[in-house]
Amino acid sequence: MAAAQERADDPDTSQRGLRAHNRTQNLLATALAEAGFSPRSPKPDEPDFDLAWVDDDNVWVAEVKSTTEKNEERQLRLAIGQVVRYRERLSTDGAIVRAMIAVENAPFDESWIDLCGREGIALVWPEVMAQALASA
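J.: Before we move on, could you go through the overall build of the protein and cite the residues and values that matter?
T.: When helices and strands are counted, the protein shows 5 helices and 4 strands. Secondary structure elements in the protein, listed N-terminal to C-terminal, are α-α-β-β-α-β-α-β-α. Since a compact globule built from 136 residues should have a radius of gyration of about 14 Å, the 15 Å found for the protein is in line with a globular shape. In terms of overall dimensions, the protein has a C-alpha envelope of 45 × 30 × 25 Å along the principal axes. Here the analysis covers contacts within the protein between residues at least 6 apart in sequence; of these, 53% occur between residues at least 24 apart. Element-wise, carbon and sulfur atoms account for 48% of the exposed surface of the protein, whose accessible area totals about 7,800 Å².

Structure below.
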């Protein structure tokens, strides 16, 4: 498959997907700032997560995904793998690293909420971001 076609098939690099990703990431950053946290981008020696912040003794790392009913399965499976890896890579100095996946809308398949919860991953979307940050 050609690189151009791969990019066209990737929801986070398509125009709609990129806009949704950026909008969701900005909403999460705003919710974090309003909750008193300082969202940041990765440092050069860190994995390519979307946002991170510190909450008491925890380092949080977030992956943002654009999701539609058609791509939700693939996007959330990818995001889970990414945040698990980010936790592993960022916890090398003994830090407690917690993971969050932020999606552009409520999951079409609500079983993702339970699955992420069982795996210790916060799953949020714009309507619940502020509440999730207050209870995290």
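Continuing now.
J.: Go over the pairing of strand β2 (residues 58-65) with me, naming the residues and quoting the values.
T.: Taken across its 8 residues, β2 has 8 buried, putting it largely inside the fold. Here β2 shows two buried faces, one formed by N58, W60, A62 and V64 and the other by V59, V61, E63 and K65. With 5 bridges connecting them, strand β1 (residues 51-55) and β2 associate as antiparallel partners. Counted as the bridge partner of V54 is V59 from β2. As judged from the 8 bridges shared by β2 and strand β3 (residues 96-103), these two strands associate in the parallel manner.

J.: Break down the environment of W53 for me, with residues and values.
T.: By the secondary structure assignment, W53 is in strand β1. By relative accessible area, which is 2% here, W53 ends up buried. Distance in space between the C-alpha atoms of W53 and W125 is 17 Å, their sequence separation being 72 residues. The residues contacting W53, other than those within four sequence positions of it, are L32, F37, S38, P39, N58, V59, W60, A62, M100 and L133.

J.: Could you give me a rundown of unusual backbone geometry, with the residues and numbers involved?
T.: Notably, D56 is not glycine yet its phi reads approximately 55 degrees, a positive angle. Within the secondary structure layout, D56 lies in the loop between β1 and β2.

Here is what the cut-offs are and how they apply
- Residues numbered from 1 in each chain as written.
- Predicted model: local features only at pLDDT ≥ 70, side-chain atom pairs only at ≥ 80, totals over all residues.
- Heavy atoms only, no water.
- Helix = DSSP H or I, 4+ residues; strand = E, 2+ residues; numbered from the N terminus.
- Rg over C-alpha atoms; globule rule 2.2 N^0.38 Å.
- Contact = heavy atoms within 4.5 Å.
- Areas by Shrake-Rupley, 256 points an atom, 1.4 Å probe, with all protein chains shown as cover.
- Buried < 20%, exposed > 50% of the residue type's maximum accessible area, 1.4 Å probe, protein only.
- Pairing = 2+ DSSP bridges.

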